[in-house]
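Secondary and tertiary structure notes
Spelled out, the chains give:
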Amino acid sequence: MRVLVTGASSLIGVGVVTRLLERGDDVVTFQRRDVEALSGVVDQHLGDIADAAAVSAAAKGCDAVVHLAAKVGVVGDRRDYIATNVGGTRNVLDAATSEGIGKVVHVSSPSVAHDGTPIIGGGADPAIGAHGAAWYPETKAQAERLALAANSSTTAVTVIRPHLVWGPGDTQLVGRIAERAAAGRLALVGGGVALVDTTYIDNATAALVAALDAVAPGARCAGRSYVVANGEPRPIRELVEGICAAAGVPFEPRDVPLSIARRAGSIIDRVWPRLGRDDEPPLTRFLADQLGTAHWFDPRPAREDLGWSPEVSIDDGLRELARWFDRAGRSTNDAR
Amino acid sequence: MSTTPDRPDGATWRGWGIDPSWSRLLDVASHDGSTYRWHVLDTGPVERQAGAEAPATILCVHGNPTWGYAWKTFLERFAGRHRVIAIDQLSMGYSERVALRRYATRVADIDDVVAALDISADGPLFLAAHDWGGAIAMGWAVDNVSRVAGMVLCNTGIGVPEGRGAPRIIRLAASGPLRDLVCRRTNGFVEGTVRLSGKRITKIDRAAFRAPYRRAEHRAAVADFVGDIPLRSTEPPHPTEAPLDRVASLLPSIEAPVLLAWGARDIVFDDDFAADLAGRFPNSTLHRFPDANHLVMAEADVARAVDTWLQSVLGADVEPRPAAAAPASSVFAGIDRHRDDVERIAIADLATRTTLDFQSFARRVDGVASSLIQRGLATGDRVAMLTPPGIDLLVAVYGVWRAGGVTVVADRGLGLGGLGKAVRSARPAWTIGPKPAGAASAALRWAPRATHVDVAELMSEAASKADDPELPASPADAADAAVLFTSGATGPAKGVRYTHGQLASQRDALAATYGITDADRLVAAFAPFALYGPSLGVPTALTDCDVTTPGALTAGALDEACCAVDATMAFGSPAALANVVATAAEQPDATWVGLDGLRLVFSAGAPVPAETLRSVAELAPHASIRTPYGMTEALPVADIDLNGIEAAEAGPSVPGVCVGMPVAGAEVRVSQLGFDAIDGVPGAVAAGQTGEILVRAPWVSEGYVGRWQAQRLARPGAGWHRTGDVGRLDDSGRLWVEGRSVHVVHVAEGPVTPVPVERAVERALSPNGDATVGRVAAVGVGPQGCQQLVVVLESATPSGLASPAIVDAVRSVVDEPVAAVLTMRSMPVDIRHNAKIDRAEVAEWAEKLLAGESGAGIARRRRIWRR
């Protein structure tokens, strides 16, 4: 099977490509920059996902697409988010349809359906993208709706929303927690009691490959969305503590009440863009809700319809993470 | 007076799909002195098949402006199996046209026609009613509660639901001149009603509905009916207002099951009316037909729903309870055996320092019975016992039984509110208690229709009647004897019905299990257990302890009571025994002479920690320490002694709490979790497998009061009682309890029972069985089917997440994934035993905490979101 993977430079992207190659699939990637780890082993197409012609060229002759490319973040110009997340998705779907590609896995985010209230054993609710001024969830919601609408009797589309992916090499969740803890700036919202599910990286990539295998015209998962996670929700405090322990940094969090975190987030949402800064703000309203309220999901739909279940537990994942930090630490020391 | 329309001919009936032989005219003597000619559609009596339940009679009462034809689907479906009688009310359909008849008269008319219909008393009688006919049928039912086996009510009402006005369309139609125009002079009302059903009824149906109302002179009653609806408080009040209010106030007395079959598109009798009725009947089930309008029986397959409901109500598919061997003797046997013995103590009450010998006890019991009968107590009357535990209560209970009454015993352990609710649910005809209790029960409306008997007065009357032996024969084994209440720890307290035979069998089972003979003497530290003493014929001592706090029993008080009767047996609740152990420890030098003489100590009601039992064994060195397993509905089921508990606990892991082997005469079965009792008796799962625990024994209670649904679900048939507990039988036949079925945590991988998890945690955190940890609760958070398991520990630390060390310790001993480990400062427990954890409340607390924002916050946000 020849598979196009967009946004292959990300941690998940590399993971998916590696899995596909390992089992003998033929992989084409599409991303902005050359990825060293992939050079020589896959056919890399470099370009902007918003460039329809470039996407179409990469999709030629493919049997399946895993669409990961997205603009992630909380700052920046809304137009950029629209161009990449909405426009880019439209380009991928158009290319899949015109090339007669039967299998499309669109990678979305649980944030598209999150309205700030706790999610307790929730399902993959419809994408609403109604979280104030956060461009990412808004544009990802639009993209998901496009993807589901594109599902047809010849091109089957399934949507996967991996929830809070982490693991060795992750600069988003793990990287930031470790960095803040090391700098003594670690804060937990509402004591960190909220029950939150997460996804170990290997489980996320395995789920995407399982979705790729499951999706086909007429399959149950065609035209549907699934949240993918470990199915092991934990109080967020425990997770953060586990990550800190793995990273070998002290766990000395300050506690920020949820109401204060929300208020602060709302203020930062308004002020940050006016400061002309393009780095990530320390807190946003969206982040306050994400850190302060429960979000965990019913694991059964993904397990039943995609034939996938997580193989690496949170505890095993944390051990893996600790080993990785250990190696990374040693190599840094060796370099000195 | 107007003329009556002619009855259709055979061809017309057949054209409408009605068997012409069903159409009958009947001259009925009316309560008003006249004789009226009624028209009924009657499928006729059905012969009882050998071995089958007696066929039912279904009496159908139509509303306005319809007639018996409205029940065509019932006639068709049930003909030959049950007798269906669809009457035409007077002045309606093809019944005689008579002068204006208001609501109360129409209710009396039903009584007249029922008397004339020669309805078989062998089979059950059901009422089916629609629209205004519903109010009339309900009116008849409240005064014939014992005759009505069930009711089917379709789009009707008894009063305007709270918080809203009468439906506008009815107000419009009812307003004076318009009413006559719409209802009588034109066929607007008839036509409008028929039209509401649109294409859901056939052209033939429409013609049949219209047929008896073609001429204005046939429609007078249509207008009268509408005019008989009391719409608003008027001066003088509308004549129908008071009778309707009375019927409404009596509806809660209808314990029989009620099926509300509702056309959901009705704009007059809408869902509010269904909810209103559902709130008035103790046993109702709602079946909505989303696409049907007002004439729901004609529009939707109501008859089929009724068929299913009837099968389940009639229990046609319920295997009958096996005939139990009659108990060796009546509940009075122990008293009768010693009734001439003036030396033998019957009761010693250490709280009041009074004793009563068996002869006096027997005479007082007879005196109470005689006095109650003289006051008018009839066989089967329920009597709420509001007398505090003590000699008077025991005398009163046996006296009520002897008189043929049914004792309603709700203890203060239910809490005052729970006690009131419990008493009210049993609707006693009498209350017996001290004056303040009578006043309180009247003021709180626990028993609004009951006659209060002052217990002091009753006792002095009894003393003066002691030589009056003029008593009827003792009640039969099958006669109702008592209503006892469940603790309410696992839901609202349910009234459990026992017959005399079942109580006597229970006494025999206890005597057999514990080898109780006349040589024994009992101390009851748990007041309800004192009731068994006289029946067993053993001297019984009541401890000096506040009954509302059994946990306050001291070692001294127990020892004193033991000495008073030279006791061989003591019965206590787990909380009481725990306090005995604690208070004994404070007096290390004391010698317990009374405890030393005990051969048996038993404790039941809630699990008892082995370590408490060991301490009890040290205090009573010659006693066998036993804990019977059972519940209000069935006791005893199984039994285990301290050695048995220690042997069971010796293993590396325990699948719950071992309650021992089933007692002689009791059968225990473990069946598939969540089985459907309507499908009959479930098979047993293999030994070692977890499932629901069922028990069968002659002493299993008869059923529940006013909880038809609960009873049906607890009784799959053949005499089996579903205990509500889950557990397993091991290879050696011992029964292990793993929790309540409602507390099973349903995670994505399947069910997880709470007690094995809790026991594993307790054993890990306090390896010697010492009480170093408080209570432990394993609960589920999130939706059923994808719940997460959360372990909650009672601890002095602030409520919240447990420390990482505790979390690791818990996870390392629990096989299932644990999402979170929490500590809770004080865990909610039941009042009666002070031991059963309210896991539902713990689960709710845990879910809120782990949601990250307060419950109030969640509710507020949801409201905002909905806007």
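Preceding block: the structure.
Below: a short report on this structure.

**Points about the overall build of chain A**
In terms of helices and strands, chain A carries eleven helices and 15 strands. Taking 2.2 N^0.38 as the reference for a compact globule, 336 residues should give roughly 20 Å; the C-alpha atoms of chain A span a radius of gyration of 19 Å, in line with that estimate. Projected onto its principal axes, the C-alpha positions of chain A cover 55 × 45 × 40 Å. Sorting the 336 residues of chain A into buried and exposed places 55% on the buried side. For chain A, restricting intrachain contacts to residue pairs at least 6 apart in sequence, the fraction spanning at least 24 positions comes to 77%.

**Quick look at the overall build of chain B**
Of regular secondary structure, chain B possesses 31 helices and 34 strands. Whereas a compact globule of 867 residues would reach a radius of gyration of roughly 29 Å, chain B reaches 31 Å, a difference of no more than 12%. The dimensions of chain B, computed from C-alpha atoms along their principal axes, are 100 × 70 × 55 Å. Residue burial in chain B is summarised as follows: out of 867 residues, 53% are buried.

**Looking at the environment of Met1 of chain A**
All names here are of chain A. By secondary structure assignment, the location of Met1 is in the segment before strand S1 (2-6). Judged by the 14 C-beta atoms lying within 10 Å of it, Met1 is partly exposed. Each C-alpha atom, one on Met1 and one on Arg19, is 13 Å from the other, the two residues being 18 residues apart in sequence. Filtering out sequence-adjacent residues up to four positions away, Met1 remains in contact with Asp25, Asp26, Asp63 and Ala64.

**Quick notes on the interface of chain A and chain B**
Taken together, the contact pairs 25 residues of chain A with 23 residues of chain B. Contributions of two or more residues to the side of chain A that touches chain B are made by strand S6 (119-122), strand S13 (234-235) and helix H7 (236-247) of chain A. A per-element tally of the side of chain A that touches chain B places H7 of chain A first, with three residues. Split by residue class, the side of chain A that touches chain B holds ten nonpolar, seven polar and eight charged.

**Focus on unusual backbone geometry**
Of note, the amide linkage connecting Asn64 of chain B to Pro65 of chain B takes the cis form, showing an omega dihedral of 0 degrees. A cis geometry characterises the amide bond from Leu635 of chain B onward to Pro636 of chain B, with omega recorded as -5 degrees. Relative to the assigned elements, Pro636 of chain B resides in strand S22 (residues 634-641). Positioned with a positive phi, Leu164 of chain A is a non-glycine residue whose angle comes to about 45 degrees. Structurally, Leu164 of chain A can be placed in the loop between strand S7 (156-162) and strand S8 (165-166). Positive phi outside glycine occurs at Asn155 of chain B, with the angle close to 35 degrees. For Asn155 of chain B, the position within the fold is in the loop between strand S6 (148-154) and helix H5 (168-174). Given 28 C-beta atoms within 10 Å, Asn155 of chain B falls into the buried group.

**Considerations on helix H2 (residues 52-59) of chain A**
Residue and element names in this part refer to chain A. Taken residue by residue, H2 has Val55, Ala58 and Ala59 as its buried positions. Down the axis of H2, the buried side of the element spans an arc of 100 degrees, and every buried residue falls inside it. Tucked into the core, H2 has its buried residues touching S1, strand S2 (26-31), strand S3 (43-46), strand S4 (64-67) and helix H3 (78-99). Immediately beyond the C-terminal end of H2, within one or two residues, lies Gly61, with a positive phi of roughly 75 degrees.

**Structural notes on the packing of helix H3 (residues 103-116) of chain B against helix H4 (residues 132-142) of chain B**
Helix-helix packing is described using two parameters, namely the angle between the two axes and the distance between the axes. Residue and element names in this part refer to chain B. Remark: H3 packs on H4, axes separated minimally by 9 Å, with the N-to-C direction vectors making an angle of 65 degrees. Pair H3 / H4 crosses with right-handed handedness. Every residue of H4 that contacts H3 at Tyr103, Arg106, Val107, Ile110 and Asp111 is listed here: Ala135, Ile136, Gly139 and Trp140.

**Considering helix H29 (residues 804-813) of chain B**
Among all positions of H29 of chain B, only Ile806, Val807 and Val810 of chain B are buried. Down the axis, H29 of chain B shows its buried residues gathered within 100 degrees of arc, on one side only. Turned more than 90 degrees away from the buried face of H29 of chain B, the exposed residues are Ala805, Asp808 and Ser812 of chain B. In this fold, the buried residues of H29 of chain B make contact with H7 of chain A together with helix H28 (754-765), strand S32 (788-794) and strand S34 (820-824) of chain B.

**Some remarks on the sheet that holds strand S13 (residues 430-433) of chain B**
All names here are of chain B. Reading across the sheet, the seven strands line up as S14-S13-S11-S12-S15-S16-S26 and stay open at both edges, with mixed pairing between neighbours. Either end of the sheet is taken by a strand with one partner, and the two such strands are strand S14 (451-454) and strand S26 (703-704). Bridge count between strand S11 (residues 382-385) and S13: three bridges; the pairing is parallel. For Ala384, the partnering residue across the bridge sits in S13 and is Thr431.

**Overview of the sheet that holds strand S33 (residues 800-801) of chain B**
Residue and element names in this part refer to chain B. As summarised here, the arrangement of the four strands in space is S31-S32-S34-S33, forming an open sheet in which the pairing is mixed. Each having just a single partner strand, strand S31 (776-781) and S33 make up the two edges of the open sheet. Taken together, the six bridges between S31 and S32 define a ladder with antiparallel strand orientation. Looking at the pairing, Gly780 lines up with Leu789 of S32. Strands in contact with H28 are S31 and S32; relative to S31, the strand with the most contacts, it is inclined by about 135 degrees. The strands touched by helix H30 (residues 839-851) within the sheet are S31, S32 and S34, with S31 carrying the most contacts at an inclination of about 60 degrees.

**Re the pairing of strand S5 (residues 103-107) of chain A**
Residue and element names in this part refer to chain A. Counting buried residues in S5 gives five out of five residues, a clear majority hidden from the surface. When S4 meets S5, the two strands line up parallel, connected through four bridges. If you follow Val65 over to S5, its bridge partner there is Val104. Crossover connection from S4 via H3 to parallel S5: handedness right-handed. Note that S5 and S7 share five bridges and pair parallel. Note that in S7 the partner of Val107 across the bridge is Ile160.

**A look at the environment of Leu195 of chain A**
Relative to the helices and strands, Leu195 of chain A is located in strand S10 (residues 195-196). Leu195 of chain A sits in the buried class, given 29 other C-beta atoms within 10 Å. Leu195 of chain A sits 56 residues away from Phe251 of chain A along the chain, and the two C-alpha atoms are 19 Å apart. Among residues more than four places away in sequence, those in contact with Leu195 of chain A are Pro233, Arg234, Pro235, Ala294 and Trp296 of chain A together with Gln788, Ala819, Ala820 and Leu850 of chain B.

What counts and what doesn't
- Residues numbered from 1 in each chain as written.
- Chains lettered and ligands numbered in written order.
- Predicted model: local features only at pLDDT ≥ 70, side-chain atom pairs only at ≥ 80, totals over all residues.
- Helix = DSSP H or I, 4+ residues; strand = E, 2+ residues; numbered from the N terminus.
- Rg over C-alpha atoms; globule rule 2.2 N^0.38 Å.
- Buried ≥ 20, exposed ≤ 12 C-beta atoms within 10 Å, placed from the backbone.
- Contact = placed C-beta atoms within 7 Å.
- Nonpolar A, V, L, I, M, F, W, Y, C, P; charged D, E, K, R; others polar.
- Arc of directions from axis to C-beta.
- Axes fitted to C-alpha atoms, helices over the stretch in contact; angles between N-to-C directions.
- Left-handed = near helix turned anticlockwise from the far one by under 90°.
- Pairing = 2+ DSSP bridges.
- Right-handed = clockwise from strand over helix to strand, strands pointing away.

Read these as layout, nothing more, since geometry by itself doesn't imply function.
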